[in-house]
Amino acid sequence: MSEIHYNSTTKMLCGFPKIKKLGAVSPNGESTPFVFNNRLMRLELQDATNGVDSDYKTSAIIRDRETGEIISSFGEGCYYYSLYQENNKVYVLGTKSEKNSLCGSSVVVYETTDLKNWECRDLISRDGWQFFNSSLTKGENEYVLLLEFGPYPFSYTFATSTDMINWTFMSDDCIFAKDRYVGGPFMKYSNGWYYVIAVEELPAKRYTNYIYRTKDFKTWYSGYYNPIFMPSEDDRIISPKAFELSEDLKEQIKTGFISSNSDIDMCDWNGKTLFTYNAGNQLGFYFLAEAEYDGSVAEFLEANFK
């Protein structure tokens, strides 16, 4: 695995992609926005114990972004969730939590065509490994699954399938990256490239997001405008689309120590790219926020390499 970065001849032809932060929308964890029947929805990780109870009372919820209504709740026994959509079917991946742990060696998938009735089946496992977050995309000829694994520093491993049933892990030579922390992944295939956004740790416990792309999972190209998200005062905005933010949390958002923007996900919405991400400090204080880019997801991804 090799990485190609900028050099003395690199030119920035289009300028830094302009991302507008829209504010806090939920007290929950990792999220995926998606469009279903022409309505904007969100998958959210709902952590009832904030990670302090050994039973980890967590679930995945589907929320209507406009009304705040929770359409369904499912996925008990998992902690990390991600969402993939194809045609009229929605897939939510969940990493099964082992006893007294947030992670595990296996991933299940929940499937639905109505967001209310879910069927669950085993997706993939690897004995002795500890998986955390995941991201799934479909390339030209096959599905590719990204799995964040640990222990620290976190890295990414990949698996492929033609039917989302039978999976083959890529060679460990394709692990990205072995020399540093990369977590909270987003992956999408677009115009011949696999794009990955990784949460990376900076000095002084700062966490932000770097974008990369590859065609073969062996040679990776770093985005010209990294990092693409950084903590800022705009994280303290309370969105008019906010739901279930307690007064205590609103006050904490105003003055709390914010050193992290993480776990980006995105979808196309009304001609723009809508992002969800977590703001906070990776020390127990977090909340879900939104941002937008004036262009499609495909345009945003490509803009980071021009």
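Note that the coordinates shown come from a computational prediction; the quantities given were computed from them, not determined experimentally.

Observations regarding the nonpolar core
Formed by 27 residues in total, the largest nonpolar core has its most connected members in Ile264, Met266, Phe275, Phe287 and Leu301. Beyond its immediate chain neighbours, meaning those up to four positions away, Met266 contacts Pro33, Phe186, Ile197, Thr273, Leu274, Phe275, Val297, Phe300 and Leu301.

A closer look at the side chain of Ser134
Secondary-structure assignment places Ser134 in strand E11 (residues 130-138). Among the polar contacts listed, one links the side chain of Ser134 to the side chain of Ser82, at a separation of 2.8 Å. Ignoring any residue separated from it by four or fewer positions in sequence, one finds Ser134 in contact with Ser82, Leu93, Leu145, Leu146, Leu147 and Pro185.

Here's the deal with the sheet that holds strand E4 (residues 39-47)
Overall, antiparallel pairing links the four strands, which are arranged E3-E4-E5-E6 in an open sheet. Taken across any chain shown, the strands that pair with only one partner, and hence form the sheet edges, are strand E3 (31-36) and strand E6 (70-74). This sheet shows a mean twist of 20 degrees between the axes of neighbouring strands, independent of strand direction. Bridge count for E4 against strand E5 (residues 58-64) is seven bridges, and the pairing is antiparallel. Its bridge partner being in E5, Arg42 is matched across the sheet by Arg63.

Brief notes about the pairing of strand E13 (residues 155-161)
The buried fraction of E13 is high, at seven of seven residues. Burial along E13 is two-sided: Ser155, Thr157, Ala159 and Ser161 facing one way and Tyr156, Phe158 and Thr160 facing the other are all buried. Pairing of strand E12 (residues 143-150) with E13, which is carried by seven bridges, proceeds in the antiparallel orientation. Along E13, the bridge assignment pairs Phe149 with Ser155. Between E13 and strand E14 (residues 168-169), which pair antiparallel in sequence order, lie six residues; one of them, Met164, sits at a positive phi of approximately 60 degrees.

Let's talk about the packing of aromatic side chains
If you walk through the whole model with that rule in mind, you get 29 aromatic pairs. Ring pairing ties together the aromatic residues Tyr156, Phe158, Phe176, Tyr189, Tyr194, Tyr212, Phe217 and Trp220, which thus form one cluster. The ring of Phe229 carries Lys21 above its face, with NZ or CZ at 6.0 Å from the centroid. Above the face of the Phe169 ring, Arg126 is positioned so that its terminal group lies 4.5 Å from the ring centre.

Observations concerning the side chain of Arg213
Following the sequence through the fold, Arg213 ends up in strand E17 (residues 206-214). No salt bridge is formed by the buried Arg213. Its closest oppositely charged neighbour is Glu302, at 5.6 Å. Of the polar contacts made by the side chain of Arg213, one reaches the side chain of Tyr195; its length is 2.9 Å. Leaving out residues up to four positions away in the same chain, Arg213 has contacts with Trp193, Tyr194, Tyr195, Thr219, Trp220, Tyr221 and Phe305.

A few points about the environment of Tyr156
One can find Tyr156 in strand E13. Reaching out from Tyr156, the side chain makes a polar contact with the backbone oxygen of Gly183 at a distance of 2.5 Å.

Here we look at the confidence of the model for the chain
Mean pLDDT over the chain stands at 94; residues scoring 70 or higher make up 96%. Counting contacts from residues 50-54, a segment whose pLDDT is below 50, to residues more than four positions away or on other chains yields four contacts.

Remarks on the sheet that holds strand E9 (residues 106-112)
A sheet is described by the order of its strands in space; here four strands give the open sequence E7-E8-E9-E10, paired in antiparallel fashion. This sheet does not close on itself; its edge strands, each paired only once, are strand E7 (78-86) and strand E10 (119-125). Neighbour to neighbour, the strand axes of the sheet diverge by 25 degrees on average, direction disregarded. Note that E7 and strand E8 (residues 89-96) share eight bridges and pair antiparallel. Paired with Leu83 across the strands is Val92, a residue of E8.

What counts as what
Residues numbered from 1 in each chain as written. Predicted model: local features only at pLDDT ≥ 70, side-chain atom pairs only at ≥ 80, totals over all residues. Heavy atoms only, no water. Core = buried A, V, L, I, M, F, W, Y, C linked by side-chain atoms within 4.5 Å. Buried < 20%, exposed > 50% of the residue type's maximum accessible area, 1.4 Å probe, protein only. Contact = heavy atoms within 4.5 Å. Helix = DSSP H or I, 4+ residues; strand = E, 2+ residues; numbered from the N terminus. Polar contact = N/O pair within 3.5 Å; in protein donor to acceptor, adjacent residues only side chain to side chain. Pairing = 2+ DSSP bridges. Axes fitted to C-alpha atoms, helices over the stretch in contact; angles between N-to-C directions. Phe/Tyr/Trp six-rings, centres within 6.5 Å; stacked < 30°, edge-to-face > 60°. Lys NZ or Arg CZ within 6 Å of the ring centre and 35° of its normal. Lys, Arg positive; Asp, Glu negative; His and termini not counted. Salt bridge = Lys/Arg side-chain N within 4 Å of Asp/Glu carboxyl O. pLDDT = per-residue confidence, 0-100.

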